[in-house]
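Residue strings, one per chain:
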Amino acid sequence: MQREKSKWRPHEDESTDMEHRGGVIRSSEEGAVMALERRDGIVQSGRMGQPSVGMSSCCETKSFSITKRQVFDAYKKVKANRGSAGIDRQSLEDFNADLSRNLYKLWNRMASGSYFPPPVLRVEIPKSGGGTRALGIPTVADRIAQMVVKDAIEPELEKCFHPDSYGYRPGRSAHQAVATTRNRCWKRPWVLDMDIKSFFDTIDHELLMRAVRKHVREKWQCLYIERWLKASVMHSDGRLEVRSVGTPQGGVISPLLANLFLHYAFDIWVERNWPGIQFERYADDIICHCASEKEAEALKEVLTERFQSCGLTLHPEKTKIVYCKSSYHTGEYSEVSFDFLGYTFRPRLARSRAGNMMVSFTPAISSKSAKRIRTSMRNWHLPCWQSLDISEVAKNIWLRVQGWINYYGLFGISELRRVLYHLDEHIVRWIQRKYKKLRRRSKAFRWLRRVRKDNPCLFAHWRFRIEGGWTIGAV
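The structure presented is a predicted model; accordingly, all values stated were derived computationally and were not measured.

### Looking at the sheet that holds strand β6 (residues 233-234)
- Strand order in this open sheet of 4 strands is β4-β3-β6-β7, and the pairing throughout is mixed. Edge positions in the sheet fall to β4 (132-137) and β7 (240-241), since each has one partner strand and no second.
- The pairing of β6 with β7 spans 2 bridges and is classified as antiparallel. Paired with V233 across the bridge in β7 is E241.

Structure (structure tokens):
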């Protein structure tokens, strides 16, 4: 006999009835999605999960032990990362329109082993140095499925990763990699700056799956990873391409798989064969520190062969040997600078702790990053924002400017100040067009100087003013 339905139904903004039974309080959204979850992993076919017509009331055991909690947690992470993951807003809204049904369908297919990833949309985006970079854009459901597997295998893989690997790892950042690189450049005068050509598009599937099977024990995790690697690529013209190598750059699980591949292709190999070499690796950007030029040249030669044996190729133009020239390393060499994670490392004048001027090999915002920031400022077209007052202008650009300061302001802040000076120039042009009495540039600057004096924190970059001024004071 079927159990009588409860007459009480939670409203949209109320919790589920677990609150009234002394259980865990959940949101209405979570309650709808998690309704079919059982502790023992068995799903009861019935009216709550799917239409009852033609369905048996007996228990049905799934092939794989994937819980609905895992799928729902993965959905929340994908939704929270929408801005940084490049998810189309309309695609996410369409998925959310019938959230319970879509998540249930995804969980049901993954738990039964019948989930096959759809083709990945290939998008070409321009590089700052010319050319294009191919990104693979999965669907929203496929992102959630990848997040389920990523959450399951990442804790185990983190135990084996090298401490000098910083890219796309929890608790590690690009700033840590830059700081370590700076400290080691002071100690060792030679650097081998390496970049792997089209790394994500040339990863060998067979070698990667060997590494995956060594650490991933669950059958369903290996199964879906292999399916994602073999998923076809859809070009903008609708053409489908079968992929035999590479993992799409833009997928949720791709950075984790890329780290695992280079862990064996580079990290462990260098540690075993060149124990005296220190390095920092952020995805496929690698910096190796050497004691002499001879050692750097020998390392470059053997690493070229090592990467070729793994199906990878070092970029011929971006891979170079650099001399870390400073007051302590006064030799002469043609290459004395390199770029790493948006920073340029090169000799710069600095003041020592004793107050003396010296040459230090330090990082600061790179010229490519500075050019990209100035281009973004021009694309705002601030002079056209005539309907806004100055506080609204500051509010609209605050997060973007603060993001630049947070990332590029940790090292070589004086170089960042020179870049952000251009923002005041754009604000002055906005003032000239908005106020007829301030059409002259000198009057507009004086007016802005008074605004800054009364409200020095109005714009994000004003808070980093040094004594004497570095923006408005330059008039």
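Now, onward.
### Section: the pattern of salt bridges
- For the coordinates displayed, the defined rule picks out 18 salt bridges.
- The shortest N-O distance in the salt bridge between K76 and D73 comes to 3.6 Å. Residue K76 and its partner D73 are both found in helix α2 (residues 68-80); the two are separated by 3 residues, about one turn of the helix.
- Measuring nitrogen to oxygen at the nearest pair gives 3.0 Å for the salt bridge that ties R418 to E415. Here R418 and its partner E415 are both found in helix α14 (residues 413-434), 3 residues apart, which amounts to about one turn of the helix.

### A short note on the nonpolar core
- If you look at the biggest cluster of nonpolar residues, it comprises 71 residues, and the most contacted ones within it are I66, I144 and F307.
- The contact partners of I66, leaving out residues within four places of it in the chain, are V71, W107, M110, A111, V148, W220 and Y224.
- Among the nonpolar cores identified, the runner-up in size contains 50 residues, and F361, L388, F411 and L423 belong to it.

### Quick look at helix α8 (residues 205-215)
- Turning to α8, its buried residues number three or more, namely H205, L208, M209, A211, V212 and H215. In a view along the axis of α8, the buried residues occupy a sector of 160°, so they form one face of it. Along α8, exposed side chains directed more than 90 degrees from the buried face belong to E206 and R210.
- The inward-facing, buried residues of α8 abut α6 (140-158), α9 (219-230) and α10 (254-273).

### Some details on a positive patch on the surface
- On the surface, a cluster of positive charge is made up of R440, K443, R446, R449 and R450.
- Here R446 shows up in helix α15 (residues 441-454).

### Quick look at unusual backbone geometry
- At S198, a residue that is not glycine, the phi angle is positive and equals roughly 45°.
- As for its position among the elements, S198 is in the loop between β5 (190-195) and α8.
- Despite not being glycine, L341 shows a phi value in the positive range, around 60°.
- If you trace the backbone, L341 turns up in the loop between β11 (338-340) and β12 (343-351).

### Side note on the confidence of the model for the protein chain
- Residues of the protein chain with pLDDT of at least 70 account for 84%, and the chain-wide mean is 85.
- Counting contacts from residues 36-59, a segment whose pLDDT is below 50, to residues more than four positions away or on other chains yields 32 contacts.
- A low-confidence stretch, residues 466-475 (pLDDT under 50), is modelled with 22 contacts involving residues beyond four sequence positions or located in other chains.

### Some words on empty space enclosed by the protein
- Applying the stated criterion to the full structure yields 2 cavities of 30 Å³ or more.
- Its volume calculated, the largest cavity comes out at about 60 Å³.
- Along the walls of the largest cavity sit P117, V120, D142, Q146, W228, L229, A231, T247, P248, I253, S254 and L257, which together make up its complete lining.
- Of all the elements in the fold, those that place two or more residues in the lining of the largest cavity are α6, α9 and α10.
- Within the lining of the largest cavity, the residues separate by chemical class into 8 nonpolar, 3 polar and 1 charged.

### Quick notes on the sheet that holds strand β13 (residues 357-365)
- If you walk across this open sheet you meet the 3 strands as β11-β12-β13, and the pairing is antiparallel. Two strands bound the open sheet, and with one partner strand each, they are β11 and β13. Mean inter-strand twist for the sheet, computed between neighbouring axes without regard to direction, equals 50°.
- One ladder, built from 3 bridges, connects β11 with β12; its direction is antiparallel. When the bridges of β12 are listed, F340 appears paired with Y343.
- Across the face of the sheet, α14 comes into contact with β12 and β13 while running at roughly 55° to β13.

The rules we used
- Residues numbered from 1 in each chain as written.
- Predicted model: local features only at pLDDT ≥ 70, side-chain atom pairs only at ≥ 80, totals over all residues.
- Heavy atoms only, no water.
- Pairing = 2+ DSSP bridges.
- Helix = DSSP H or I, 4+ residues; strand = E, 2+ residues; numbered from the N terminus.
- Salt bridge = Lys/Arg side-chain N within 4 Å of Asp/Glu carboxyl O.
- Core = buried A, V, L, I, M, F, W, Y, C linked by side-chain atoms within 4.5 Å.
- Buried < 20%, exposed > 50% of the residue type's maximum accessible area, 1.4 Å probe, protein only.
- Contact = heavy atoms within 4.5 Å.
- Arc of directions from axis to C-beta.
- Patch = residues over 30% accessible without salt bridge, like charges linked within 9 Å, V, L, I, M, F, W, Y side chains within 5 Å.
- Areas by Shrake-Rupley, 256 points an atom, 1.4 Å probe, with all protein chains shown as cover.
- Lys, Arg positive; Asp, Glu negative; His and termini not counted.
- Charge placed at Lys NZ, Arg CZ, Asp CG, Glu CD.
- pLDDT = per-residue confidence, 0-100.
- 1 Å grid on protein atoms, 1.4 Å probe; cavity = no way out; pocket = protein on both sides within 12 Å on 5 of 7 lines; lining within 4 Å.
- Points joined across faces, edges and corners; volume = space filled by probe spheres on them.
- Nonpolar A, V, L, I, M, F, W, Y, C, P; charged D, E, K, R; others polar.
- Axes fitted to C-alpha atoms, helices over the stretch in contact; angles between N-to-C directions.

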